[in-house]
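Here is how the chains run, residue by residue.
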Amino acid sequence: MGSSSLLPATSAPAYSIGVFLFALCFLFHLPNAATAGVTRHYQFDINLKNVTRLCQTKSIVTVNGQFPGPPIFAREGDRVVVRVVNHVQNNITIHWHGIRQLRSGWSDGPAYVTQCPIQTGQSYTYNFTITGQRGTLFWHAHISWLRATLYGPIVILPKPNVPYPFVKPYKEVPMIFGEWFKADTEAIINQALQTGGGPNVSDAYTINGLPGPLYNCSAKDTFKLKVKPGKTYLLRLINAALNDELFFSIANHTLTVVDADAVYVKPFETDTILITPGQTTNVLLKAKPYYPKASFVMAARPYVTGQGTFDNSTTTGILEYISPSSIQSTSKLPLFGATLPPLNDTSAATNFTLKFRSLANKQYPANVPKNVDKRFFFTVGLGTNPCPKNHTCQGPNGSMFSASVNNVSFALPTTALLQAHFTGQSNRVYSPYFPYFPIHPFDYTGNNTINNTNVISNTTNLVVLPFGTSVELIMQDTSILGAESHPLHLHGYNFFVLGQGFGNYDPINDPAKFNFVDPVERNTVGVPSGGWVAIRFRADNPGVWFMHCHLEIHTSWGLKMAWLVLDGKLPNQKLPPPPSDLPKC
């Protein structure tokens, strides 16, 4: 596996701090409830804020004037109530990414799936209970491309007096990776959809909203992590970038992965993290036992598999050691550069991904569905649609880019799907006939897969599941317009990742390699470039649940679908009525 140095191991001036810094020690600020089940109230005011990055000031949509947005703190078992008030001209929804939302689907957040948007001057109160989860998740806007600036961490601590299954950290630090665009992201996606071409890419990546010194005018906009020798820190890593999977590394330091998507995993050490948009990863950083008289680069840059243009830049932060009082501080310290895999290193990405395993012990079991009620095979990938008459398009060969699942490019309705289902008014809103398998099977990952790249239909079809159905889903990448990795996120559920591979899925031989003992449990999984991934979940949460690629451009092009899970027979298996302040379309 190759690597390249991002910054030279040379002396460099100490960078001044002009940072937005999340609280490093928020455990001391979170009330330590004696019993589980505390209700935690938050107010999110959506407003505009002028923010300067890369020598340029722009007005961005924020929560409470903060970028990144404020953290949500809670314990497992707590109820979280967030009143969102929209003071901007854009329609708004907020998604609590990874929260199971057991019987609280009205609070999930994706626009036109579980709710209509919160319009200007309106408010909506999200209300959900955190059940069986502990670790890191995040919240973000779930309409158009507004999550470019509307995002923040969700920190879920264990129940009172329940320890971590790893060494207790000295401090905990949320670190959110994002993308910064000089242009208005709403204008970018609107232009891309109108012309049918690829969107303009970001101008920088960020760590906690800060690009770092490799970008213009950004030496002061650098995230700095100050640590004490010998102490252990828990880094809560979140990828909130719009369109890019990221490699992350800290120079001369090894990280220990302990949690993924708010589920504990068997700890393993690594020099490099791969994190897709929508994924969260908790890692332990053990500071050196002595004061090293040096600083160390923390760096993130993309893992690239697609054929299109991308932001080929690197965001960096600085790991600084707090000098003991006995050592005279100096303004100049050696700065050691980080190394990361090459941009297209699928081998490094795969080797890292395969290390994840559930704890699968008595306290934290891996309850993998052993029997399967329904099997699905979904192709996921890019395609094209013909250019409309009297229109010039910038997609391949004058076409328009599209994306699909089983050759269906999902069209969002103008009425929320969950509302249509609950009120029995699904006619003309959606149909229950989403294909379980590709409509036209082909050589999915071959060099010349099919001559016709056109997406078959733009429709609103759902898969309907009876309550309690055990589902096995194979997701297969296609190489119609070139193989590409796709991070697929399922709302309302965690799922177990049984296996993955390259090429076309083999239903005869591949299942023999599935891991039923300790498969990792996630809410977002990368479908390998030119390969497949197998997952299982039990449909025990009634409602309508969005599933989509977390590369925002692919979602905009139609790489999305939804599952409708029906009510069960018991009272605690039914979706309650909607709240009285549910936004109207």
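The rules behind the values
- Residues numbered from 1 in each chain as written.
- Predicted model: local features only at pLDDT ≥ 70, side-chain atom pairs only at ≥ 80, totals over all residues.
- Heavy atoms only, no water.
- Disulfide = S-S within 2.5 Å.
- Helix = DSSP H or I, 4+ residues; strand = E, 2+ residues; numbered from the N terminus.
- Buried < 20%, exposed > 50% of the residue type's maximum accessible area, 1.4 Å probe, protein only.
- Pairing = 2+ DSSP bridges.
- Axes fitted to C-alpha atoms, helices over the stretch in contact; angles between N-to-C directions.
- Contact = heavy atoms within 4.5 Å.
- Polar contact = N/O pair within 3.5 Å; in protein donor to acceptor, adjacent residues only side chain to side chain.
- Phe/Tyr/Trp six-rings, centres within 6.5 Å; stacked < 30°, edge-to-face > 60°.
- Lys NZ or Arg CZ within 6 Å of the ring centre and 35° of its normal.

Regarding the state of the cysteines
One way to say it: the disulfide is the covalent bond shared by the sulfur atoms of two cysteines.
Part 1: The tally for this structure, following the rule as stated, stands at three disulfides.
Part 2: One disulfide in the model links Cys 55 with Cys 217; its S-S distance is 1.5 Å. In this structure the cystine formed by Cys 55 and Cys 217 twists about its S-S bond by roughly 75 degrees; its chirality is therefore right-handed. Here Cys 55, found in the loop between strand S3 (39-53) and strand S4 (56-63), pairs with Cys 217, found in the loop between strand S12 (204-207) and strand S13 (224-227); they are 162 residues apart in sequence, far enough to count as distant.
Part 3: Since its relative accessible area comes to 48%, Cys 55 is described here as partly exposed.

Some thoughts on the sheet that holds S3
Part 1: Strand order in the open sheet formed by four strands is S4-S3-S6-S8, with mixed pairing between adjacent strands. The two strands at the open ends of the sheet, each matched to only one other strand, are S4 and strand S8 (123-129). For this sheet, the mean inter-axis angle between neighbouring strands, taken without regard to orientation, is 25 degrees.
Part 2: Of the strand pairs in this sheet, strand S6 (residues 79-86) and S8 are connected by seven bridges, and their pairing is antiparallel.

With respect to helix H1 (residues 185-195)
Part 1: Inspection of H1 places Thr 185, Glu 186, Ile 188, Ile 189, Ala 192 and Thr 195 among the buried residues, and these make up the whole buried set.
Part 2: As for H1, its buried residues are in contact with strand S25 (400-405) and helix H4 (552-557).
Part 3: Two or three places before Glu 186, at the opening of H1, Asp 184 has a side-chain oxygen 3.1 Å from that residue's backbone nitrogen.
Part 4: Just downstream of H1 lies Gly 196, where phi reads positive at about 80 degrees.

Considering unusual backbone geometry
Excluding glycine, residues mostly have negative phi values, and the peptide bonds linking residues are mostly trans.
Part 1: Between Phe 67 and Pro 68 the backbone carries a cis peptide bond, its omega angle lying at -10 degrees.
Part 2: Locating Pro 68 in the fold gives a position in the loop between S4 and strand S5 (72-75).
Part 3: Positive phi values are uncommon outside glycine, yet Arg 103 reaches one of about 60 degrees.
Part 4: Within the secondary structure layout, Arg 103 lies in the loop between strand S7 (94-97) and S8.
Part 5: Judged by its relative accessible area of 32%, Arg 103 falls in the partly exposed class.
Part 6: Phi angles above zero are rare outside glycine, and Asn 208 is one such case at about 50 degrees.

A short note on the packing of aromatic side chains
Part 1: All told, the structure shown has 36 aromatic pairs when counted by the stated rule.
Part 2: Here the aromatic rings of Trp 145 and Phe 181 are separated by 6.4 Å at their centres, their planes lie at 50 degrees, and the arrangement is tilted. On the criterion of sequence distance, the pair formed by Trp 145 in the loop between strand S9 (135-141) and strand S10 (151-157) and Phe 181 in the loop between strand S11 (171-180) and H1 is long-range, its members being 36 residues apart. Here the two residues Trp 145 and Phe 181 agree in accessibility, since each one is buried.
Part 3: Among the aromatic residues, those joined into a ring-pair cluster are Phe 376, Phe 378, Phe 434, Tyr 436, Tyr 493, Phe 537, Trp 545 and Trp 563.
Part 4: Looking at Lys 58, its charged tip hangs above the ring of Trp 180, at a distance of 5.2 Å from the centre.
Part 5: Over the ring of Phe 356 we find Arg 522; its NZ or CZ atom is 5.0 Å from the centre of that ring.

Quick look at the side chain of Thr 524
Part 1: Secondary-structure assignment places Thr 524 in strand S33 (residues 524-527).
Part 2: For Thr 524, a relative accessible area of 0% corresponds to the buried category.
Part 3: A polar contact of 3.4 Å, which involves the side chain of Thr 524, links it to the backbone oxygen of Gly 278.
Part 4: In this structure the side chain of Thr 524 is engaged in a polar contact, spanning 3.2 Å, whose partner is the side chain of His 489.
Part 5: Leaving out residues up to four positions away in the same chain, Thr 524 has contacts with His 97, Asp 261, Thr 276, Pro 277, Gly 278, Gln 279, Pro 487, Leu 488, His 489 and Phe 495.

Re the sheet that holds S9
Part 1: Taken in spatial order, the four strands of this open sheet run S5-S10-S9-S7, and their pairing is mixed. Each edge of the open sheet carries a strand with a single partner, namely S5 and S7. The mean angle between the axes of side-by-side strands here comes to 20 degrees, regardless of whether they run parallel or antiparallel.
Part 2: In this sheet, S10 lies alongside S9 in antiparallel orientation, the contact comprising six bridges. For Thr 136, the partnering residue across the bridge sits in S10 and is Val 155.

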